[in-house]
Amino acid sequence: MTKSAVPKRHLPTSPFKAPVTRAPEHFAIGDQVTHDVHGLGRVVGIEDAAALVDFGSAQMRILSPYAKMTKL
């Protein structure tokens, strides 16, 4: 069984707290980042909806929203 990519709707009458939505991070050239799959890297380029990140062994184009990437 796989997880659905669509977030579940929160009902106003639910006794549970609504999930917190993370604000999209803004990256600049030279920022150090960590990615859940690729590890540590440094931002070497910024595009409209993507960031070009150098992970040492390869350069990857990470698309927005950056759910698996955080700034260090």
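To start, this report covers the structure provided alongside it. All values derive from a computational prediction rather than experimental measurement.

1. Some points on the packing of aromatic side chains
- The final tally for this structure, using the stated rule, is one aromatic pair.
- Between Phe 27 and Tyr 66, the ring centres sit 4.9 Å apart and the planes meet at 85°, which makes this aromatic pair edge-to-face. On the criterion of sequence distance, the pair formed by Phe 27 in the segment before β1 (32–35) and Tyr 66 in the loop between β4 (59–63) and β5 (69–71) is long-range, its members being 39 residues apart. The pair Phe 27 / Tyr 66 is uniform in exposure class, with both members buried.

2. With respect to the nonpolar core
- In this structure, Phe 27, Val 33, Val 43, Ala 51, Val 53, Phe 55, Ile 62, Tyr 66 and Met 69 together form the largest nonpolar core, which totals nine residues.
- The contacts of Ile 62, once residues within four sequence positions are left out, are His 35, His 38, Ala 49, Ala 50, Ala 51, Val 53, Phe 55 and Met 69.

3. Things to note about the pairing of strand β2 (residues 39–46)
- Two elements, β1 and β2, share four bridges in a ladder whose sense is antiparallel. When the bridges of β2 are listed, Thr 34 appears paired with Leu 40.
- In textbook terms, the turn of a hairpin is the stretch between consecutive antiparallel strands, and for β1 and β2 this stretch comprises three residues.
- Hairpin geometry of β2 and strand β3 (residues 50–54) is characterised by an intervening segment of three residues between the two adjacent antiparallel strands.

4. A look at the pattern of salt bridges
- Using the criterion set out here, one finds two salt bridges in the structure.
- Two residues, Lys 71 and Asp 31, come together in a salt bridge whose shortest N-O distance is 3.6 Å. A residue pair is termed long-range when its members are at least 10 positions apart, and Lys 71 in strand β5 and Asp 31 in the segment before β1 qualify at 40 residues.
- The exposure class of Lys 71 is partly exposed, given its relative accessible area of 39%.

Definitions and cut-offs
- Residues numbered from 1 in each chain as written.
- Predicted model: local features only at pLDDT ≥ 70, side-chain atom pairs only at ≥ 80, totals over all residues.
- Heavy atoms only, no water.
- Phe/Tyr/Trp six-rings, centres within 6.5 Å; stacked < 30°, edge-to-face > 60°.
- Helix = DSSP H or I, 4+ residues; strand = E, 2+ residues; numbered from the N terminus.
- Buried < 20%, exposed > 50% of the residue type's maximum accessible area, 1.4 Å probe, protein only.
- Core = buried A, V, L, I, M, F, W, Y, C linked by side-chain atoms within 4.5 Å.
- Contact = heavy atoms within 4.5 Å.
- Pairing = 2+ DSSP bridges.
- Salt bridge = Lys/Arg side-chain N within 4 Å of Asp/Glu carboxyl O.

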